[in-house]
Protein chains: 2
Amino acid sequence: MELISGNQIAADIIDELKTEVASFSGRKPCLALVRVGDDPASVSYVKKKEKTAAEIGVESRIILPPETITQSELETLIDDLNADDGVDGILVQSPLPGDLDELAIFRRVSPAKDVDGFHTVNIGKLAQEDDTGFASCTPAGIMEMLARSEVDLRGKHVVVVGRSLIVGKPVALLALQKKAGANGTVTICHSATSDLPAITRQADVLIAAIGRAGFVTADMVKDGAVVIDVGINRVPDSSRKSGYRLVGDVEFDAVSPKTAKITPVPGGVGPMTVAMLMKNTVKAYRLHQS
Amino acid sequence: MELISGNQIAADIIDELKTEVASFSGRKPCLALVRVGDDPASVSYVKKKEKTAAEIGVESRIILPPETITQSELETLIDDLNADDGVDGILVQSPLPGDLDELAIFRRVSPAKDVDGFHTVNIGKLAQEDDTGFASCTPAGIMEMLARSEVDLRGKHVVVVGRSLIVGKPVALLALQKKAGANGTVTICHSATSDLPAITRQADVLIAAIGRAGFVTADMVKDGAVVIDVGINRVPDSSRKSGYRLVGDVEFDAVSPKTAKITPVPGGVGPMTVAMLMKNTVKAYRLHQS
């Protein structure tokens, strides 16, 4: 069994981006990070993104509207960032508090600056295999981890558990593309799937994105499979100072010995998401400059 | 074995639309049909659409630019139809001749008038399960046939053979939706799939959209499956006046006795496509009026 280290792969990507950004003359790429309110998880996510941007040489512009901002005020704020020629990418940290309409805000971001890949146009471009779009960061990170671990999906059966718009559907569309590394045969399972273990056991590559701790057990995994664990779940742990620890959707201790390769949690898919956000920001900058 | 008659279901839908359109006071729905050049197949498709529109009471506006039209002239023509308040739906008959960039033209049509469902935004909306979009006609027709034949996909394994943007991908996204009738577990296979028969034999519902005559043979189908044959292939037949006959992607004579339900070719998915185009046009009209 080989551990696929998201920490290592993300660090490699960040290094590559640092070199790329250093080669840009003139203005550097700029990412606007919009965080509404002070939700502690959002504060920490935005801080992490800001720190990684700084490391790469991407300018970040932090915008912190109060929780009391109205939908139309937030839309005006987005419109201004869309119109601002010095901004290449815009990220609105999810979840938005209160009654704010998140989908409407995601759609307000110009598709050309939508480095989160949540805009309808970018999801459509993913289906159309149009590379001028932005794939959302977690699915793009999964594909990058597979590619850098020399897992070619061609002729492989990829089983995705979870049909969310943020992970399940886009990663299925990416795995299916007619591109080198992709060309997988793809099955998407979910809460309404009958006899799920019979399907997951067929997976050469199993992508677990359910959001339930330890949901994937050893009997659900074929010997020699590659397992990508997208889940990040908190479980109580009195031995930790925080009182909890993070675990994935896969019962790691029981499953990992059966696998050819597996991602850990933490340190697997998680760190890839921020790296891919930066990659999308640099791509937006390049498209914007050209 | 029960034959799913696309002819009958399409006729029912057309009847329903006729009643619905008759109830509209004032202006009737209007569909612009743009056919560039005189390709015989395109001539016959557009004629069929015009005839069905007339039957329902949908006004059709036929626009026949010559093959010599330039990309920018065609784009201006589309822009004018987009701006025309009397036009609810726009269909540009595919394929476009010569060097015309079809994808760019499909994207030029306003998403709100894209009754063919080919615009990036409408494909994105399909993934987002946003009902204000338009699903492309063939996949929407397949879902309608299944619903009207009392095939509920919940808990079923749906295997789609073919990953095209016109059929395979959108029908997979539709079958996966969290809607009554859908909620299928979906596998998408294609030319790079290994051991295809082992996968198709698992299908409770098999959707064949490969474009190769008789590709799906009896050994690839489970007893009691529901089979939807999207293929329309010409094979030489000297006993016919035309010199050919139409067959599907499924070897009908050998496969049909094994199935619970199957669509014939012709008279299966084919007629549904025009019916769904009309349904989309009436939907565009309703959204446009509201």
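Worth saying up front: this structure is predicted, and the values here are computed from it rather than measured.

So, how was this worked out
Residues numbered from 1 in each chain as written. Chains lettered and ligands numbered in written order. Predicted model: local features only at pLDDT ≥ 70, side-chain atom pairs only at ≥ 80, totals over all residues. Helix = DSSP H or I, 4+ residues; strand = E, 2+ residues; numbered from the N terminus. Rg over C-alpha atoms; globule rule 2.2 N^0.38 Å. Buried ≥ 20, exposed ≤ 12 C-beta atoms within 10 Å, placed from the backbone. Contact = placed C-beta atoms within 7 Å. Core = buried A, V, L, I, M, F, W, Y, C linked by C-beta atoms within 7 Å. Pairing = 2+ DSSP bridges. Axes fitted to C-alpha atoms, helices over the stretch in contact; angles between N-to-C directions. Least-squares fit on C-alpha atoms with pLDDT ≥ 70 in both. Parallel < 35°, antiparallel > 145°, perpendicular 65-115°, else oblique. Left-handed = near helix turned anticlockwise from the far one by under 90°. Nonpolar A, V, L, I, M, F, W, Y, C, P; charged D, E, K, R; others polar. Domains from an automatic or database assignment. Expected span 1.5 Å × (residues − 1). Arc of directions from axis to C-beta.

Peer 1: Residues and numbers for the overall build of chain A, please.
Peer 2: Within chain A, the secondary structure is distributed over 10 helices and 11 strands. Here the C-alpha atoms of chain A give a radius of gyration of 19 Å, agreeing with the 19 Å that 2.2 N^0.38 yields for 290 residues. Each of the three principal axes of chain A carries a C-alpha extent, and together these read 50 × 45 × 35 Å. Considering chain A as a whole, with its 290 residues, one finds that 51% of them fall into the buried category.

Peer 1: Please provide a residue-by-residue account of the interface of chain A and chain B, values included.
Peer 2: The partner chain B presents 23 residues to the 23 residues of chain A that form the contact. Put simply, the parts of the chain that give the side of chain A that touches chain B at least two residues each are helix 5 (120-127), helix 7 (168-176) and strand 6 (185-189) of chain A. Counting residues per element, the side of chain A that touches chain B draws most heavily on helix 5 of chain A, at 6 residues.

Peer 1: So what about the nonpolar core? Which residues, and what values?
Peer 2: Counting 176 residues, the largest nonpolar core has Val160 and Ile207 of chain A together with Val160 and Ile207 of chain B as its most contacted members. With residues up to four places along the chain from it excluded, the contact list for Ile207 of chain A reads Ile142, Val158, Val160, Val161, Val171, Ile228 and Val230 of chain A.

Peer 1: If you had to explain the sheet that holds strand 6 (residues 185-189) of chain B to someone new, which residues and values would you point to?
Peer 2: Spatially, 1(A)-11(A)-8(A)-7(A)-5(A)-6(A)-6(B)-5(B)-7(B)-8(B)-11(B)-1(B) is the arrangement adopted by the 12 strands of the open sheet, whose pairing is mixed. In this open sheet, the two strands that pair with only one neighbour each are strand 1 (2-3) of chain A together with strand 1 (2-3) of chain B. Across 3 bridges, strand 6 of chain A lies against strand 6 of chain B in antiparallel orientation. Residue pairing across strands places Ile188 of chain A opposite Val186 of chain B, the latter belonging to strand 6 of chain B. Relative to the sheet, helix 7 of chain A contacts strand 5 (157-161), strand 6 and strand 7 (205-208) of chain A together with strand 6 of chain B, its axis offset from that of strand 6 of chain A by approximately 170°. On top of the sheet, helix 7 (residues 168-176) of chain B reaches strand 6 of chain A together with strand 5 (157-161), strand 6 and strand 7 (205-208) of chain B; it is set at about 170° to strand 6 of chain B, its chief contact.

Peer 1: Before we move on, can you summarise the environment of Val205 of chain B with the specific residues and values?
Peer 2: All names here are of chain B. Relative to the helices and strands, Val205 is located in strand 7. Along the sequence, Val205 and Gly89 sit 116 residues apart, while their C-alpha atoms lie 32 Å from each other. Beyond its immediate sequence surroundings of up to four residues, Val205 is in contact with Val151, Leu153, Lys156, Val158, Ala225 and Val226.

Peer 1: Summarise the relation of the copies chain A and chain B; cite the residues concerned and give the values.
Peer 2: When chain A is fitted to chain B, the best match, at an RMSD of 0.0 Å, comes from turning it 180° and sliding it 0.0 Å along the axis. Such values leave the two copies arranged in the relation of a two-fold axis. Both copies contact each other with a shared surface, as 100% of the interface residues of chain A are interface residues in chain B too.

Peer 1: Describe the packing of helix 6 (residues 137-148) of chain B against helix 7 of chain B, with residues and values.
Peer 2: Residue and element names in this part refer to chain B. Relative orientation of the contacting elements helix 6 and helix 7 amounts to 40°, with a least axis distance of 8 Å. Looking at the two axes, helix 6 sits oblique to helix 7. Seen along the crossing, helix 6 lies across helix 7 with a hand that is right-handed. For the pair helix 6 and helix 7, the contacting residues are Pro139, Ile142 and Met143 in the first and Pro170, Val171 and Leu174 in the second. Its residues assigned to classes, the contact of helix 6 with helix 7 shows 6 nonpolar, no polar and no charged.

Peer 1: Please provide a residue-by-residue account of the environment of Gly89 of chain B, values included.
Peer 2: All names here are of chain B. Secondary-structure assignment places Gly89 in strand 4 (residues 89-92). Along the sequence, Gly89 and Asp114 sit 25 residues apart, while their C-alpha atoms lie 6.1 Å from each other. What Gly89 contacts, discounting residues up to four positions off in sequence, is Leu31, Ala32, Lys113, Val115, Asn280, Thr281 and Ala284.

Peer 1: Can you explain the domain arrangement of chain A? Please cite residues and give values.
Peer 2: Examined at the domain level, chain A breaks down into domain 1 (26-111) and domain 2 (137-269). Here the C-alpha centre of domain 2 of chain A lies 29 Å away from the C-alpha centre of domain 1 of chain A.

Peer 1: Account for helix 2 (residues 40-56) of chain B, with residues named and values stated.
Peer 2: Residue and element names in this part refer to chain B. Here helix 2 spans 25 Å end to end across 17 residues, near enough to the 24 Å set by a 1.5 Å rise per residue. Within helix 2, burial applies to Val46, Lys49, Thr52, Ala53 and Ile56. Projection of helix 2 onto a plane perpendicular to its axis shows the buried side chains occupying an angular sector of 125°, all on one side. Relative to its buried face, helix 2 has exposed residues pointing more than 90 degrees away, namely Pro40, Ser44, Lys51 and Ala54. Tucked inside the fold, the buried residues of helix 2 contact helix 1 (6-22), strand 2 (30-34), strand 3 (59-63), strand 4 and helix 10 (269-289). Following helix 2 by one or two positions, Gly57 has its phi on the positive side, about 95°.

Peer 1: Explain the packing of helix 1 (residues 6-22) of chain A against helix 10 (residues 269-289) of chain A to me, and be specific about the residues and the numbers.
Peer 2: Geometrically, a packed helix pair is captured by the angle between its two axes and the distance between the axes. Residue and element names in this part refer to chain A. Relative to each other, helix 1 and helix 10 sit at 15°, their axes nearing to 8 Å. Taken together, the axis directions place helix 1 and helix 10 in an arrangement best described as roughly parallel. Remark: the crossing between helix 1 and helix 10 carries left-handed chirality. When helix 1 is examined against helix 10, the residues Gly6, Asn7, Ile9, Ala10, Ile13, Ile14, Leu17, Glu20 and Val21 are found in contact with a partner set consisting of Val269, Gly270, Pro271, Met272, Ala275, Met278, Lys279 and Val282. Grouping the amino acids of the contact of helix 1 with helix 10 by side-chain chemistry returns 12 nonpolar, 3 polar and 2 charged.

Peer 1: Please set out the sheet that holds strand 3 of chain B residue by residue, giving values where relevant.
Peer 2: Backbone-to-backbone hydrogen bonds join strands into a sheet, with any given pair of strands oriented parallel or antiparallel. Residues and elements named next belong to chain B. Strand order across the open sheet formed by 3 strands is 3-2-4, with parallel pairing between neighbours. Here the strands that pair on one side only, and so sit at the sheet edges, are strand 3 and strand 4. Each neighbouring strand pair of the sheet contributes to a mean axis angle of 20°, computed without reference to strand direction. Sheet topology places strand 2 next to strand 4; 4 bridges connect them, and they run parallel.

Peer 1: Can you explain unusual backbone geometry? Please cite residues and give values.
Peer 2: Cis rather than trans, the peptide bond between Ser94 of chain B and Pro95 of chain B has omega equal to 0°. Following Val265 of chain B, the chain continues into Pro266 of chain B via a peptide bond in cis, with omega recorded as -5°. Here Pro266 of chain B lies in the loop between strand 11 (261-262) and helix 10. Positive phi values are uncommon outside glycine, yet Glu129 of chain A reaches one of about 55°. Residue placement: Glu129 of chain A occurs in the loop between helix 5 and helix 6 (137-148). Positive phi, close to 55°, is recorded for Glu150 of chain A, a residue that is not glycine. Position of Glu150 of chain A among the secondary structure elements: in the loop between helix 6 and strand 5.

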